[in-house]
Amino acid sequence: MFERRSLKYPIMLGVLMIIAIVALTVGWILLTTGIKSSRAYIVLLTLGSITFFLVLTGVVMYLVLSIKAINLTRRQSNFIDSVTHELKSPIASLKLYLQTLTLRDVSEAEREKFLKFMAEDINRLDGLINHLLDARATEKNNRDKLYESIRLDELIDDCVQTVCNRYRVPTESVDCQLKSIEIFAERVDAMMIFRNLIDNAVKYAGDPPQVNVSMRTEGTMVVVEISDNGEGIPHSMRRKVFGRFVRVGEELQRKKPGTGLGLYIVSTLTRRLGGKVRIVDRDKRWGTVFEVRLPFQVDSVSSIDPSAADSLVPGGH
């Protein structure tokens, strides 16, 4: 799950810098010991200058690698904190309910309520594990994937239903304006892209949540925009949030659960399907707008409904 970066290049860079510093020192000694030949002096001076710039370049590269390592360590620490919290809370809840059921005589109504809460905690743990497995699966570019024609509007509708059921919000909270368009992809990958984006929108939306999903076509690309009425993402974080383990703010101060892997999964799978995802500006002060661009089958609109190319088909929410 964690990024495994080879130590070969940093070690090689450090060794080369040491060799360059030794060569630069030896050259300087030779220059200052009274070389009488002007040609030799110029050659050594040139080599010394080149070596100096190489050392300077190596120092800069080493600094960049160090900064990346520090950032990776910080993100991994946030990831461990979030996963630990996500594991600890439902386990503690399950333990409490089991102890209560074991040590006390409870009514049938209380027993059913406890079992319901325990099932929710188990689903929460199951969702976390599946999320981690999804992130791991995106790292494996499996060429044997089964790509098929998928009705994107129907797939988004299914994602909306799943997310709304998870957060117990009415489906009317997500306003969908979709076109009847087909894309060519593996269904699981497409589901993960839009389920994660809609999940993020509902989770971080305001109270009450207001999420909008719209679709339009531009050439051979279908553009899906998912917006919410939450606090939004700072402009400086709009590119960083698609990295692994990246979340806005300090991990232990957050009120919303998460692992920092959802948008990484979205970005990886979108690129794999030949598209791209980004955060765009919006007219309103609050909220976030995610824009997903994917190639679609140009003849799919007319083959489904000749009038659907220019008209929006309500998603039923």
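About the thresholds
- Residues numbered from 1 in each chain as written.
- Predicted model: local features only at pLDDT ≥ 70, side-chain atom pairs only at ≥ 80, totals over all residues.
- Heavy atoms only, no water.
- Helix = DSSP H or I, 4+ residues; strand = E, 2+ residues; numbered from the N terminus.
- Expected span 1.5 Å × (residues − 1).
- Buried < 20%, exposed > 50% of the residue type's maximum accessible area, 1.4 Å probe, protein only.
- Contact = heavy atoms within 4.5 Å.
- Core = buried A, V, L, I, M, F, W, Y, C linked by side-chain atoms within 4.5 Å.
- Phe/Tyr/Trp six-rings, centres within 6.5 Å; stacked < 30°, edge-to-face > 60°.
- Axes fitted to C-alpha atoms, helices over the stretch in contact; angles between N-to-C directions.
- Parallel < 35°, antiparallel > 145°, perpendicular 65-115°, else oblique.
- Left-handed = near helix turned anticlockwise from the far one by under 90°.
- Nonpolar A, V, L, I, M, F, W, Y, C, P; charged D, E, K, R; others polar.
- Salt bridge = Lys/Arg side-chain N within 4 Å of Asp/Glu carboxyl O.
- pLDDT = per-residue confidence, 0-100.
- Pairing = 2+ DSSP bridges.

### Regarding helix H4 (residues 152-167)
With 16 residues, H4 extends 23 Å from end C-alpha to end C-alpha; this agrees with the ideal 22 Å at 1.5 Å per step. Among the residues of H4, Leu152, Asp153, Leu155, Ile156, Asp157, Cys159, Val160, Val163 and Cys164 are the ones counted as buried. Buried positions along H4 lie against strand E1 (148-151), strand E2 (174-178), strand E3 (182-185), helix H5 (187-203), strand E4 (211-218) and strand E5 (221-227). Phi turns positive, to about 55°, at Arg168, one or two residues after H4.

### Concerning unusual backbone geometry
Pro208 follows Asp207 through a cis peptide bond whose omega is 5°. Relative to the elements of secondary structure, Pro208 occurs in the loop between H5 and E4.

### A short note on the nonpolar core
Ranked by internal contacts, the top residues of the largest apolar core, which has 49 residues, are Ile156 and Phe194. Ranked by residues supplied to this core, first place goes to H5 with 8 residues.

### A short note on helix H6 (residues 262-272)
With 9 of 11 residues buried, H6 is to be regarded as a mostly interior element. Along H6, the residues classified as buried are Gly262, Leu263, Tyr264, Ile265, Val266, Ser267, Thr268, Leu269 and Thr270. One or two residues past the end of H6 sits Gly274, with phi positive at roughly 85°.

### Notes on the packing of aromatic side chains
Inspection of every chain in the model, using the stated rule, returns 4 aromatic pairs. With a centroid separation of 6.1 Å and an interplanar angle of 25°, the aromatic rings of Tyr147 and Phe184 are classed as stacked. In this pair, Tyr147 sits in the loop between helix H3 (108-138) and E1 while Phe184 sits in strand E3, placing the two residues 37 residues apart along the sequence. On the numbers, 6.2 Å between centres and 90° between planes, the contact of Phe242 with Phe290 is edge-to-face. With a gap of 48 residues between them, Phe242 in the loop between E5 and H6 and Phe290 in strand E7 (residues 289-295) connect regions that are remote in the sequence. Accessibility assignment for this pair places Phe242 and Phe290 in one class, buried. Joined through ring pairs, the aromatic side chains of Tyr97, Phe114 and Phe117 make up one cluster.

### With respect to the packing of H4 against H5
Between H4 and H5, the shortest axis-to-axis distance is 9 Å and the interhelical angle comes to 45°. Compared by their axis directions, H4 and H5 come out oblique. Here the hand of the crossing between H4 and H5 comes out right-handed. Residues Leu152, Leu155, Ile156, Cys159, Val160, Val163, Arg166 and Tyr167 of H4 lie in contact with H5, whose contacting residues are Arg187, Ala190, Met191, Phe194, Arg195, Ile198, Asp199, Val202 and Lys203. Among the residues making up the contact of H4 with H5, the classes are represented as 12 nonpolar, no polar and 5 charged.

### Quick notes on the environment of Ile183
Along the polypeptide, Ile183 turns up in strand E3. Between the C-alpha atoms of Ile183 and Pro295, which are 112 residues apart in sequence, the distance is 6.7 Å. Excluding residues within four positions of it along the chain, Ile183 makes contact with Glu148, Ser149, Ile150, Leu152, Ala190, Val222, Leu294, Pro295, Phe296 and Gln297.

### Focus: the pattern of salt bridges
Going through the model one piece at a time under the given rule, you end up with 10 salt bridges. Of the charged contacts in the structure, one is a salt bridge between Arg216 and Glu291, with a shortest N-O distance of 3.6 Å. One end of the pair, Arg216, is in strand E4; the other, Glu291, is in strand E7, and 75 residues separate them in sequence. What makes Arg216 partly exposed here is its relative accessible area of 29%. We classify Glu291 as buried; its relative accessible area is 3%.

### Observations concerning the environment of Phe52
With respect to the helices, strands and loops of the structure, Phe52 is situated in helix H2 (residues 38-103). Among the residues examined, Phe52 registers a relative accessible area of 44% and is labelled partly exposed. Each C-alpha atom, one on Phe52 and one on Ala20, is 7.8 Å from the other, the two residues being 32 residues apart in sequence.

### As for the confidence of the model for the chain
Considering every residue of the chain, the mean pLDDT works out to 78; 76% of them sit at 70 or more. For the stretch residues 302-317, pLDDT sits under 50, and the model shows 30 contacts to residues farther than four places along the chain or on other chains.

### Description of the pairing of E2
Burial of the side chains of E2 is restricted to one face: Val174, Cys176 and Leu178 are buried, whereas none of Asp175 and Gln177 on the reverse face is. Across 4 bridges, E2 lies against E4 in parallel orientation. Opposite Gln177, over in E4, you have Ser214 as the bridge partner.

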